[in-house]
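Each chain, letter by letter, is given below.
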Amino acid sequence: MRTDKLKRNDLSGDAFGWYTRYLTALDAKDLDGYSAFLADDCIMYMNNDGPIAGKEAIRGMLGPYWQSIGDLEHDLLVILGSDDHFMLEALNHYTSNGETTTLRAVAITKRNEDGLACAVRIYTDASPLFSGETE
């Protein structure tokens, strides 16, 4: 994960620490580590797809997806909101077979009273990952 381009961060130090650990697990494609940040009843939306409801359903979707995308690194640009409900704009760098594809993405995360992600919305055009286009 890169933070050198982060121009604005509205999160407290504690919440930013939580979020960087969350993103580090995501970048490592560590399914167990990432899942530890999710509430059991978390709901995830990816683009226009329907909701993925529940931690186990999210795990079931992410495992195969992560296997298909190569390496991943988040490059944080802006984090707006509060410690419990915030939006990230990032450049996501995917590397596979020595080729890098960079995609702009927005993720909206809501945390519950226990500090776990209870809703995650991800918006990006991932088609270049599967079409062979690179940066």
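All of the points below concern the structure found in this document. (Residues numbered from 1 in each chain as written. Predicted model: local features only at pLDDT ≥ 70, side-chain atom pairs only at ≥ 80, totals over all residues. Heavy atoms only, no water.)

**Some details on empty space enclosed by the protein**
Here is step 1 of the chain: Using the criterion set out here, one finds one cavity of 30 Å³ or more in the structure.
Here is step 2 of the chain: Taken as a whole, the largest cavity spans an internal volume of roughly 290 Å³.
Here is step 3 of the chain: In terms of lining residues, the largest cavity is bounded by 24 residues, among which Leu26, His74, Asn92, Tyr94 and Ile122 are the most central.
Here is step 4 of the chain: Of all elements in the fold, only α1 (13–27), β2 (38–46), α3 (55–68), β4 (71–81), β5 (85–96), β6 (99–111) and β7 (117–124) reach the threshold of two or more residues within the lining of the largest cavity.
Here is step 5 of the chain: Residues belonging to the lining of the largest cavity are distributed by class as follows: 20 nonpolar, four polar and no charged. (1 Å grid on protein atoms, 1.4 Å probe; cavity = no way out; pocket = protein on both sides within 12 Å on 5 of 7 lines; lining within 4 Å. Points joined across faces, edges and corners; volume = space filled by probe spheres on them. Helix = DSSP H or I, 4+ residues; strand = E, 2+ residues; numbered from the N terminus. Nonpolar A, V, L, I, M, F, W, Y, C, P; charged D, E, K, R; others polar.)

**Focus on the sheet that holds strand β3 (residues 52–53)**
Here is step 1 of the chain: If you trace the seven strands from one edge of the open sheet to the other, you get β1-β4-β5-β6-β7-β2-β3, paired in mixed fashion. The open sheet has two edge strands with one neighbour each: β1 (8–9) and β3.
Here is step 2 of the chain: As paired strands, β2 and β7 are joined by five bridges and run parallel to one another. Residue pairing across strands places Tyr45 opposite Arg121, the latter belonging to β7.
Here is step 3 of the chain: Where α1 meets the sheet, its contacts fall on β1, β2, β4, β5, β6 and β7, and the angle it forms with β4 comes to roughly 155 degrees. (Pairing = 2+ DSSP bridges. Contact = heavy atoms within 4.5 Å. Axes fitted to C-alpha atoms, helices over the stretch in contact; angles between N-to-C directions.)

**A short note on the side chain of Ser35**
Here is step 1 of the chain: Of note, Ser35 is situated in helix α2 (residues 31–35).
Here is step 2 of the chain: Residue contacts for Ser35: discarding those within four places in its chain leaves Lys55 and Arg59.

**Brief notes about the nonpolar core**
Here is step 1 of the chain: The biggest cluster of nonpolar side chains holds 33 residues, and the ones touching the most others in it are Tyr19, Tyr22 and Tyr34.
Here is step 2 of the chain: Elements represented by at least two residues in this core include exactly α1, β2, α3, β4, β5, β6 and β7.
Here is step 3 of the chain: Counting residues per element, this core draws most heavily on α1, at seven residues.
Here is step 4 of the chain: Apart from the residues lying within four places of it in its own chain, the contact partners of Tyr19 are Leu11, Ile79, Phe86, Leu88, Ala107 and Thr109. (Core = buried A, V, L, I, M, F, W, Y, C linked by side-chain atoms within 4.5 Å. Buried < 20%, exposed > 50% of the residue type's maximum accessible area, 1.4 Å probe, protein only.)

**Details of the pairing of β6**
Here is step 1 of the chain: Bridge count between β5 and β6: twelve bridges; the pairing is antiparallel. Pairing of Leu91 across the sheet is with Arg104, part of β6.
Here is step 2 of the chain: Counting the residues that bridge the hairpin from β5 to β6 gives two residues, and of these Asn97 lies at a positive phi of roughly 55 degrees.
Here is step 3 of the chain: Taken together, the seven bridges between β6 and β7 define a ladder with antiparallel strand orientation. By the bridge assignment for β7, Thr109 is matched with Val120.
Here is step 4 of the chain: Counted along the chain from β6 to the antiparallel partner β7, the turn is five residues long, and its residue Gly115 has a positive phi close to 85 degrees.

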